[in-house]
Amino acid sequence: MSVLVFVEGLNGEIKKSSLEAASYGSQVAKQLGTSATAVAIGEVHEDALARLGEQGISKVLYDADERLNQFVADAYVKVIAKAAQQESAKVLVFSNTNIGAAVGSKLAVRLNGSLATNVTALPTINGSNFVVTRGVFSGKAFADVELTADVKIIAVKKNSIEVAHEGGSASVEKLSADLTEADFAAAPKETVMQETDGVLLPEAEVVVSGGRGLKGPENWHLVEDLAKALGAATACSKPVSDMDWRPHHEHVGQTGITVSPNLYIAIGISGAIQHLAGVNSSKVIVVINKDPEAPFFKAADYGIVGDAFDVVPKLIEAAKALDK
Ligand code: FAD
């Protein structure tokens, strides 16, 4: 029996959120006195797979079928189920990304497992009692959930677990799930990834985001220049994209994209609960708002009470100076 971690690739490397899932999976394996195996799919460099040893993974099963370079839920589920069967895995760990959550729920049906998404902490294991803590109500509360099925499936919330760096190298073995054309029946014709200066918003480490406080699209150079100086992706609140100041793929929140960067800078955004739902798993939140009563300050790690038109140009200069 082992713990199986599904890791996602991006541009040949392993996504940071998957490194967190791998660290989580190997710690669960330690709790259970077993080892952690990873399963990787599609276009990932083999040396990146071997480096998963640093997160405590002992073996990586890798299906390099080119048809898996874009996400196809049924085919991914078949590959992961094959790996789970091969490893007799009873605990499956994912990152709570769009892909992880989609695959996790389908696997729960296929393997008759218990699924917990948005998990924020290591499980408490006491004999057959296996309890995880998950964020609920857009991160406003936590629930302890017992996973009672034989197979336990856990999707770990981004930025909840530190990435381990223990050293070591994982062995990499080829895996083939004998995929047929039928497994790709629901494949998308084309996958378009929207980037800002080569940075994908859902994967960005730093995000600079603007709201209605910026008054109009003609002022967006403030957001863009700060983002450029920090190597960040740009984002916005919903009304900003509704008014066509910015494209809809930049809208973050409950009805938009969820981001989990190390640093989220919110400029002229009030911090409504629907906005916070998409950004509250950011590691550090910096809020710039001229209203000291703006709700966003309650969720902020650092706050600047001031006019964005005074504060942001100074931040841009400071960020540029750091680069020199
Ligand atoms: P405002 O609420 O108008 O806030 C502007 C802020 O800028 C204020 O706090 C103000 O003090 C500040 N400001 C003004 N001038 C300056 C200045 N010169 N310098 C500094 N600060 C300044 N919203 C989302 O963002 N994402 C969602 O996914 C989302 N989904 C929703 C779903 C539903 C069902 C509903 C009902 C609403 C949703 N909303 C969403 C809308 C949300 O409720 C808020 O209305 C929205 O987030 C407000 O956007 P804002 O903060 O940019 O604008």
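This paragraph deals with the sheet that holds strand E17 (residues 263–267). Read across the sheet, five strands follow the order E16-E15-E17-E18-E19 without closing on themselves; strand pairing throughout is parallel. Two strands bound the open sheet, and with one partner strand each, they are strand E16 (233–236) and strand E19 (302–305). Each strand of the sheet is rotated relative to its neighbour by a mean of 15°, with strand direction disregarded. For E17 and strand E18 (residues 284–289), the ladder comprises five bridges, and the chain directions are parallel.

Each assigned domain of the protein is listed with its residue range as follows: domain 1 (2–184) and domain 2 (195–322). Averaged C-alpha coordinates put domain 1 and domain 2 at centres separated by 31 Å. Taken residue by residue, the interface counts ten residues in domain 1 and 13 residues in domain 2. Carbon and sulfur atoms supply 46% of the area that domain 1 and domain 2 bury against each other, a total of about 970 Å² over both sides. It is Ser138, Lys158 and Asn159 that lose the most area in domain 1 upon contact with domain 2, and together they represent 50% of the buried surface on that side.

Turning to its location among the elements, serine 18 is positioned in helix H1 (residues 16–32). For serine 18, a relative accessible area of 0% gives the class buried. What serine 18 contacts, discounting residues up to four positions off in sequence, is Phe6, Val7, Glu8 and Ser95.

Rules used in this analysis
- Residues numbered from 1 in each chain as written.
- Predicted model: local features only at pLDDT ≥ 70, side-chain atom pairs only at ≥ 80, totals over all residues.
- Heavy atoms only, no water.
- Pairing = 2+ DSSP bridges.
- Helix = DSSP H or I, 4+ residues; strand = E, 2+ residues; numbered from the N terminus.
- Axes fitted to C-alpha atoms, helices over the stretch in contact; angles between N-to-C directions.
- Domains from an automatic or database assignment.
- Contact = heavy atoms within 4.5 Å.
- Buried area = accessible area lost by both parts, 1.4 Å probe.
- Buried < 20%, exposed > 50% of the residue type's maximum accessible area, 1.4 Å probe, protein only.

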